[in-house]
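# Examination of the molecular architecture
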Amino acid sequence: GAVVSQHPSWVICKSGTSVKIECRSLDFQATTMFWYRQFPKQSLMLMATSNEGSKATYEQGVEKDKFLINHASLTLSTLTVTSAHPEDSSFYICSASPLLGHRFYNEQFFGPGTRLTVL
Amino acid sequence: AQSVTQLGSHVSVSEGALVLLRCNYSSSVPPYLFWYVQYPNQGLQLLLKYTSAATLVKGINGFEAEFKKSETSFHLTKPSAHMSDAAEYLCAVGGGQNFVFGPGTRLSVLP
């Protein structure tokens, strides 16, 4: 299989604090991981593309200093929401794409999502 | 550039009726096409995918989709809706590692 986990599944924090969300590929190595954001009743919006060992590529309109992405290994990427505010409350979903040579190389496998609520 | 449109943000069907969710795409390269289902507060579950093999693709839970190049479509169907099918359905086109999602269609199943 190709399983992706996210931790935590939900988090509540106070305004001004920082929150870290982990995304792990459990049974495959991923060169590239993606972070999406989903507002209620809306589709997924790509925030950034993260490649192992290099800086993330952010989509237009996404503040890179606010949404820090680290992809330190081929199985782990983290998204840190810095100085979170209520408008950052959302559902964050990561996905991972297997290495070249894997039979699912051209696909993305999605984590279960993290619900962030900022009070 | 790739894009996806899903006609109908909300579709309602009666239990036992045919489900038809529409997806049209544009792609400058031979596309990979996907349908995902998303239940409330959960991640995406892959229903089925087209990756240039058979044009009629069968997926999980009785769903299937047909790739029609001439119509640039990849509509999702199920012969008989079940209450448990009520969810959000997302169509996506991917080439390489770039995915573009459609806006989604919320399926309601009426008893």
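Sequence positions are assigned chain by chain, starting from 1 and proceeding in written order. Think of it this way: whatever chain is written first is A, whatever ligand is written first is 1, and the rest follow in order. This being a predicted model, a pLDDT of at least 70 is required before a residue's local features are given, and a value of 80 or more before pairs of side-chain atoms are given or counted; all residues contribute to the totals for chains, interfaces and linings. Excluding hydrogens and water, the side-chain values take into account all heavy atoms of the structure.

Moving on: the interface of chain B and chain A. Every residue pair with non-hydrogen atoms within 4.5 Å of one another is taken to be in contact. The interface of chain B with chain A comprises 18 residues on the first partner and 19 residues on the second. Put simply, a salt bridge is a Lys or Arg side-chain nitrogen that is within 4 Å of an Asp or Glu carboxyl oxygen. Summed over the shared surface of chain B and chain A, the number is zero salt bridges. Polar contacts here mean pairs of N or O atoms no more than 3.5 Å apart (in protein, one a potential hydrogen donor and the other a potential acceptor; neighbouring residues in sequence count only if both atoms are side-chain atoms). Counting every contact that joins chain B to chain A gives four residue pairs in polar contact (both at pLDDT 80 or more). A run of H or I in DSSP becomes a helix once it reaches four residues, and a run of E becomes a strand once it reaches two; helices and strands are each numbered from the N terminus. For the side of chain B that touches chain A, the secondary structure elements donating two or more residues are strand S5 (32-38), strand S6 (44-50) and strand S11 (98-101) of chain B.

To continue, consider the state of the cysteines. Residues and elements named next belong to chain A. Cysteine sulfurs are considered disulfide-paired once they come within 2.5 Å of each other. Using the criterion set out here, one finds two disulfides over all chains in the structure. With its sulfur 2.0 Å from that of its partner, Cys-23 forms a disulfide with Cys-94. Between Cys-23 and Cys-94, the S-S torsion sits near 80°, and that sign places the bridge as right-handed. Taken as a pair, Cys-23 in strand S3 (residues 19-25) and Cys-94 in strand S9 (residues 90-98) lie far apart in primary sequence, 71 residues in all. Distance from the sulfur of Cys-13, which forms no disulfide, to the nearest cysteine sulfur (Cys-94) is 18 Å.

Turning next to the packing of aromatic side chains. Each aromatic ring pair is summarised here by two numbers: the centre-to-centre distance and the angle between the ring planes. Aromatic rings from Phe, Tyr and Trp, taking only the six-membered ring of Trp, are treated as a pair when their centres fall within 6.5 Å; an angle between ring planes under 30 degrees marks them as stacked, one over 60 as edge-to-face, and anything in between as tilted. On inspection of all chains with the given rule, the structure shows 15 aromatic pairs over all chains. On the numbers, 6.1 Å between centres and 50° between planes, the contact of B:Phe99 with B:Phe101 is tilted. Between buried and exposed lies partly exposed: a residue is buried under 20% and exposed over 50% of the maximum accessible area for its type, with that area taken using a 1.4 Å probe on protein chains only. Residue B:Phe99 is classed as buried on the basis of its relative accessible area of 7%. Members of the aromatic cluster, each reached through a chain of ring pairs, are A:Tyr36, A:Phe110, B:Phe34, B:Tyr36, B:Phe99 and B:Phe101.

A few words on unusual backbone geometry. All names here are of chain A. For the bond from His-7 to Pro-8, the omega torsion is 0°, close enough to zero to count as cis. A positive phi angle, close to 45°, is found at Ser-83, a residue other than glycine. Along the chain, the position of Ser-83 falls in the loop between strand S8 (76-81) and S9. Overall, Ser-83 belongs to the partly exposed group, its relative accessible area being 33%.

As a further point, take a nonpolar patch on the surface. To count toward a patch, a residue needs a relative accessible area above 30% and no salt bridge. Like charges then connect within 9 Å, nonpolar side chains (Val, Leu, Ile, Met, Phe, Trp, Tyr) within 5 Å. Each accessible area value is a Shrake-Rupley result obtained with a 1.4 Å probe; residue values ignore everything except the protein chains displayed when judging cover. Residues A:Trp10, A:Ile12 and A:Leu119 make up a contiguous nonpolar surface patch of about 390 Å² in total accessible area. Along the polypeptide, A:Trp10 turns up in strand S2 (residues 10-13).

All names here are of chain B. Counted under the stated rule, the structure contains five salt bridges over all chains. For Lys-58, the salt bridge identified is with Glu-64, shortest N-O distance 2.7 Å. Under the relative-accessibility criterion, Glu-64 is labelled partly exposed at 23%.

Now for the sheet that holds strand S7 (residues 67-73) of chain A. All names here are of chain A. The rule for pairing is simple: two strands pair if DSSP sees at least two bridges between them. The sheet built from four strands is open, its strands ordered S1-S3-S8-S7 with antiparallel pairing. Edge positions in the sheet fall to strand S1 (4-7) and S7, since each has one partner strand and no second. Direction aside, neighbouring strands of the sheet carry axes that sit 15° apart on average. Pairing between S3 and S8: six bridges, direction antiparallel. Directly across from Glu-22, in S8, lies its bridge partner Thr-78. Each axis is a line fitted through C-alpha atoms, taken for helices only over the stretch in contact, and angles between the N-to-C directions span 0 to 180 degrees.

It is worth spelling out the confidence of the model for chain B at this point. The predictor attaches a confidence to each residue, called pLDDT, with possible values from 0 through 100. Here chain B averages 91 in pLDDT, and 97% of its residues register 70 or above. Averaged over each element, pLDDT in chain B is lowest for S11(B) (82) and highest for strand S3 (residues 19-21) of chain B (98).

What follows covers the pairing of strand S11 (residues 114-118) of chain A. Residue and element names in this part refer to chain A. What you see with S11 is a clean split: Thr-114, Leu-116 and Val-118 sit on the buried side and Arg-115 and Thr-117 on the side with no burial. In this sheet, S11 lies alongside S2 in parallel orientation, the contact comprising four bridges. From the neighbouring strand, Val-11 faces S11, where its bridge partner is Leu-116. Across three bridges, S9 lies against S11 in antiparallel orientation. Across the sheet, residue Phe-91 finds its bridge partner in S11, namely Arg-115.

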